[in-house]
Amino acid sequence: MSEEKQGELFSLDSPLLGGVQGERSLMAYPFFALTKAAWTKPLAYRTDEVSIEIGPGPKGVATIYDKEILLYIASLMVSKLDAGQRVGQTFQFTANDLFRVTGINSSSRSYSRLSDALERLQGTQIKTNIEAGGSGEEGFFSWLEAASLQYTKTPTGEKRLKSIKVRLCDWLYRAIMVDRHVLEYAPSYFELGPVERRLYEVSRSLCVEGPVSVALDDLRLQLGYQASLRHFKYDLTKIIEADVIPGFRFVLEEDEARATTTAAGRTIREYLVKILPDGMSKRLSS
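About the thresholds
- Residues numbered from 1 in each chain as written.
- Predicted model: local features only at pLDDT ≥ 70, side-chain atom pairs only at ≥ 80, totals over all residues.
- Heavy atoms only, no water.
- Pairing = 2+ DSSP bridges.
- Helix = DSSP H or I, 4+ residues; strand = E, 2+ residues; numbered from the N terminus.
- Axes fitted to C-alpha atoms, helices over the stretch in contact; angles between N-to-C directions.
- Contact = heavy atoms within 4.5 Å.
- Core = buried A, V, L, I, M, F, W, Y, C linked by side-chain atoms within 4.5 Å.
- Buried < 20%, exposed > 50% of the residue type's maximum accessible area, 1.4 Å probe, protein only.
- Parallel < 35°, antiparallel > 145°, perpendicular 65-115°, else oblique.
- Nonpolar A, V, L, I, M, F, W, Y, C, P; charged D, E, K, R; others polar.

(A) Seen up close, the sheet that holds strand 6 (residues 144-153). One open sheet holds the 3 strands; their spatial order is 4-7-6, and the pairing between them is antiparallel. The open sheet has two edge strands, strand 4 (90-93) and strand 6, and neither has a second partner. Averaged over all pairs of adjacent strands, the angle between their axes in this sheet comes to 20°, without regard to strand direction. Two elements, strand 4 and strand 7 (residues 159-168), share 4 bridges in a ladder whose sense is antiparallel. Directly across from Thr90, in strand 7, lies its bridge partner Arg167. Strands strand 6 and strand 7 of the sheet are contacted by helix 4 (residues 108-123), whose axis makes an angle of about 155° with strand 6.

Rendered as structure tokens:
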């Protein structure tokens, strides 16, 4: 694949004037652990059409917060494509600009977390049957084929981070460059918690043409929520009450057609989640 050095461009002002962008498959499916702490167990998601296996690296599986780096890179790519510039797989940018876009305070702890995030993105192993750019991947790949923190040294020998340099994996590069299935994120996305982030992403990917209804357990699995369905229903109810997901409203209701009765006469209830884009929810409530 042809590649263009992008060096000093990203040490200047951020080119992300058009907002943060994300690849639609990464919105729709659970590729990341919903936690800030290290998640060291494998993750899997399977339906009749989609298969995803995630294996942890030395520091665990890449998390929904580590994903911010991929969103930043995807946004750089879209910005360059919109400007008619060539885009390679290697990117170099400053930590300060990444922090500015994602709303993170620049601190020694933030830089340490950044280093860990890059290691998880490079170490996590992904296997999926989702094709990108008209072709698939047999075996495992990592989000970043390479990642490094580039320093300068002061006269006293103190290290100062100059830039971050990464090489994006072929699969995600093809998905953005060839398929162009990219959607814009709401600016308040980075203020959300992990479950809320995934709920926003899945809603954004599903409601491109209007409202949808999803079985509660199907939604739980698509979010990558690892606890029980009962816990998920409780958390989702709290999120709905808080009304914090930008651009969407949710209605949790019983699915009477799927309710079953046990031999002891106990009714097992099933639930549907209606996902309504803001404009549609306002029309329905008027």
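(B) Examining the nonpolar core more closely. Residues Phe31, Phe93, Trp143 and Trp171 are the most contacted members of the largest nonpolar core, which totals 75 residues. Counting residues per element, this core draws most heavily on helix 2 (residues 67-82), which supplies 9 residues.

(C) Geometry of the packing of helix 6 (residues 194-206) against helix 7 (residues 216-223). Put simply, helix 6 and helix 7 touch, their axes get as near as 9 Å, and they point 110° apart. In terms of orientation, helix 6 and helix 7 fall into the roughly perpendicular class. Contacts from Val195, Arg198, Leu199, Val202 and Leu206 of helix 6 reach helix 7 at Leu219, Gln222 and Leu223. Looking at side-chain class alone, the contact of helix 6 with helix 7 contains 6 nonpolar, 1 polar and 1 charged residues.

(D) Quick peek at helix 5 (residues 170-179). Of all the positions in helix 5, only Trp171, Leu172, Tyr173, Arg174, Ala175 and Ile176 are classed as buried. The elements touched by buried residues of helix 5 are strand 1 (21-23), helix 1 (24-28), helix 2, strand 5 (125-128), strand 7 and strand 8 (182-184).

(E) Highlighting the environment of Met27. Within the secondary structure, Met27 is located in helix 1. Beyond its immediate stretch of four places on either side in the chain, Met27 contacts Lys67, Leu183, Glu184, Tyr185, Arg198, Glu201, Val202, Arg204 and Ser205.

(F) Representation of the sheet that holds strand 10 (residues 248-254) in the model. Overall, antiparallel pairing links the 3 strands, which are arranged 9-13-10 in an open sheet. Whereas interior strands pair on both sides, the edge strands pair on one side only; in this sheet they are strand 9 (212-215) and strand 10. Along the sheet, successive strands turn relative to each other by an average axial angle of 25°, direction set aside. Inspection of the sheet shows strand 9 paired to strand 13 (residues 271-277) by 4 bridges, in the antiparallel sense. Along strand 13, the bridge assignment pairs Ser213 with Lys274. On the sheet, helix 7 packs against strand 9, strand 10 and strand 13 and is oriented at approximately 90° with respect to strand 9. Sheet strands in contact with helix 8 (residues 229-242) are strand 10 and strand 13, and its direction is about 135° off that of strand 10.

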